[in-house]
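# Examination of the molecular architecture
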Amino acid sequence: MISLIRAIPQKYMNHALMVCVLIIALLIGFVAPEYFVVMLSTAVAFGVLAAATDLCFGSGGILNLGPAITFGVGTYVAAVFQKLGIPYIFGILSAAVIGAILFAGFAWIGLSRRRSTIQFALFTLVASVSFEQIAISNYSFLGGSNGLANVVPPFGLGIQDYFFVFLLISATLCWLVVECESRFDSILILQRDEPEKAESLGFDPKSIKVGLMFLSGLVGGAVGAAFVPFSGIAYPAQFAAMPNLLVLVWIAVGGRGTIFGPFLAAVLLTMVQFEIGSTNSDVYLFVMGMLFVFVVAFFPKGLLPSHLHRRRD
Amino acid sequence: MIGLQFFIDFMVASSVLLIAAMGLFLVFGLYRVVNMAHGEFVLLGGYVAAQMQSTGAPFAVCVLAAAVVVGFASLVLDAALIGRQRLSSSLTPLLATWGVGLLISQGIRLIMGPTGVSVTDPVGRSFEFAGSVYSVYQLILVFIAIILALSAWILIHRTKIGLRVRAQVTNETLSELHGVNTRLQFSTAFFIGGMLAGAAGALLAPLAAINPSSGSSFSISSFMVVIMGGMNHVAGQVSGALVMGGGRNLIGTFSSVTIATLATLLIVALILAFRGKDDLVD
């Protein structure tokens, strides 16, 4: 088993690992009861979101305190499109485009050529609060604090059949993220750690960051839109502090920069959250907060075993 | 008179912002340590004051208790998370304090419930002037803000202690060579910052009910005041508070909460685009 893992070239490690997880999910999807499929789809959706955010944060060095914004926007876009009777595929595509433009816009406004961690973090924080506010206050179109409910899978599919469509979409999005990361690996690390050197070599760190956020927003929006039929509802609390913190917890626990680490952490921790149950969500959030602080302070490389880590700085 | 009413509202709003932001000024403006838990510190101060008041303590004692509790919390935070990391990484304190901030607000939510508390106005009187009614407590807050700003200015820019702090902030190694105990100084500053935040929470609590989610708005406003004012000088804080207080009042009178929030986002964006870059390069 270990030798099989070692045989995979470093470059494709992340691809391989994600394919494995998605195949496992596929197999489970054949046999599992509906509630389990919903749980698994939530886990995979968040995994994809975590991977996309890690692309920005770990490889790109962009601290985004509102990573769940495009996910939430995606769910709303899909819900609205379905309410208006537009075919679902357009919902997903639009969510992807809107998410991409949104995050790219944030990056373009909030980032400067050199390091600019703090003000961008604040900006994204304000943005997430604003989005929650917008979602709550608009009743006619966005459903106000109740959100938009009754989202059903498209094409008349049942939950379990739609699961395979969803996995296909997730796999594509994962591939996008991992491919971007592996192909542009050295450039990303360079512009993250030594932007001056990158600039002198002809790369513009800001454009690269905007591009990363574009991709991250695209993936976040698309996966949110693809995911919402499982939960059935798009609601304002998706923009609140909790989902955003959770994404960062997954990245911290999984090891930032590894892409697969956050993906796995998201999948596992989401399943744990489901097991603990929604009645304990406040306690769960508290525990997650403690875990986050603990990991950030004492385990900056994350908790997952190091042979999953790629060679990093 | 509309003008006078607006002016007094504007002064009150600015004073509120200044009082809340002063603690952050010490920590973030001077030391550039991003304490994302600042808003939750203020929140905690408010809750402590509410608890103390329900036991019948006089208001001044409530404020003092709030300051002490939050000061203690910031000592713990410093010892556990920030002290070691302050110089090596600007990201770790940011993330760690963000986590701690959420812990505090979640903890408050779990212990005290999500509905929030309120603190009664200790003065409770209002007076009429030129056809409008003004609350005495709000005017007292304006005075407190003025005194706070003056004391901070004198302390930081006109005393030897302040000189040492400014030296440390400018060039840590060199100031150490001159005999400044940097570790102690930072911890003291952080402690004072925490006390100020707690006191601010207690002082501001009578104005509006607070709930576990209020922390983030305190954080955002305080950060904006500090950043907008240019980080290093007390006068900057005052001007930042004035600008934000005036702006928010102006927007608030004409529109709804949604627009006000969006406008805040826009203002933050503009500030970042045109100003923040230079001051916050790390």
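Residues numbered from 1 in each chain as written. Chains lettered and ligands numbered in written order. Predicted model: local features only at pLDDT ≥ 70, side-chain atom pairs only at ≥ 80, totals over all residues. Heavy atoms only, no water.

## Here's the deal with the pattern of salt bridges
All names here are of chain A. For the coordinates displayed, the defined rule picks out two salt bridges over all chains. Between Arg 183 and Glu 179 there is a salt bridge, and its shortest N-O distance comes to 3.0 Å. You can see Arg 183 and its partner Glu 179 sitting in helix H7 (residues 159–183), four residues apart, about one turn around the helix. Taking relative accessible area as the criterion, Glu 179 reaches 15% and is therefore assigned buried. (Salt bridge = Lys/Arg side-chain N within 4 Å of Asp/Glu carboxyl O. Helix = DSSP H or I, 4+ residues; strand = E, 2+ residues; numbered from the N terminus. Buried < 20%, exposed > 50% of the residue type's maximum accessible area, 1.4 Å probe, protein only.)

## Considering the packing of aromatic side chains
By the definition in use, this model includes 24 aromatic pairs over all chains. Seen in terms of ring centroids, Phe 46 of chain A and Trp 250 of chain A are 5.4 Å apart; in terms of plane orientation they differ by 35°. Their pairing is tilted. You can see Phe 46 of chain A sitting in helix H3 (residues 34–59) and its partner Trp 250 of chain A sitting in helix H11 (residues 241–254), a full 204 residues away along the chain. Centroid distance Phe 59 of chain B to Tyr 137 of chain B: 5.9 Å. Interplanar angle 85°. Geometry classified as edge-to-face. With Phe 59 of chain B in helix H3 (residues 59–85) and Tyr 137 of chain B in helix H5 (residues 136–158), the pair connects residues that are 78 residues apart, well separated along the chain. In this structure, Phe 59 of chain B and Tyr 137 of chain B share a single accessibility class: buried. The structure contains a cluster of three or more aromatic residues connected by ring pairs, namely Phe 30, Phe 46, Phe 71, Tyr 162, Phe 163, Phe 164, Phe 166, Phe 227, Phe 230 and Trp 250 of chain A. Positioned above the aromatic ring of Phe 57 of chain A is the side chain of Arg 256 of chain A, whose terminal nitrogen or guanidinium carbon lies 4.8 Å from the ring centre. (Phe/Tyr/Trp six-rings, centres within 6.5 Å; stacked < 30°, edge-to-face > 60°. Lys NZ or Arg CZ within 6 Å of the ring centre and 35° of its normal.)

## Observations concerning the interface of chain A and chain B
Contacts between the two partners involve 36 residues from chain A and, on the opposite side, 38 residues from chain B. Here chain A meets chain B over a buried area of about 3500 Å², counting both sides, of which 82% is carbon and sulfur. Applying the counting criterion to the chain A and chain B interface returns zero salt bridges. Viewed at the interface, chain B and chain A are joined by zero residue pairs in polar contact (both at pLDDT 80 or more). Counting only elements with at least two residues in the side of chain A that touches chain B, the list comes to helix H5 (88–110), helix H6 (117–137), H11 and helix H13 (281–298) of chain A. The element that contributes the greatest number of residues to the side of chain A that touches chain B is H6 of chain A, accounting for 13 residues. (Contact = heavy atoms within 4.5 Å. Buried area = accessible area lost by both parts, 1.4 Å probe. Polar contact = N/O pair within 3.5 Å; in protein donor to acceptor, adjacent residues only side chain to side chain.)

## Let's talk about a nonpolar patch on the surface
Residue and element names in this part refer to chain A. A grouping of Val 19, Ile 23, Leu 26, Leu 27, Phe 30 and Val 31 is seen on the molecular surface, where their side chains present a nonpolar patch of about 590 Å² in accessible area. Along the chain, Val 31 turns up in helix H2 (residues 13–31). Under the relative-accessibility criterion, Val 31 is labelled exposed at 67%. (Patch = residues over 30% accessible without salt bridge, like charges linked within 9 Å, V, L, I, M, F, W, Y side chains within 5 Å. Areas by Shrake-Rupley, 256 points an atom, 1.4 Å probe, with all protein chains shown as cover.)

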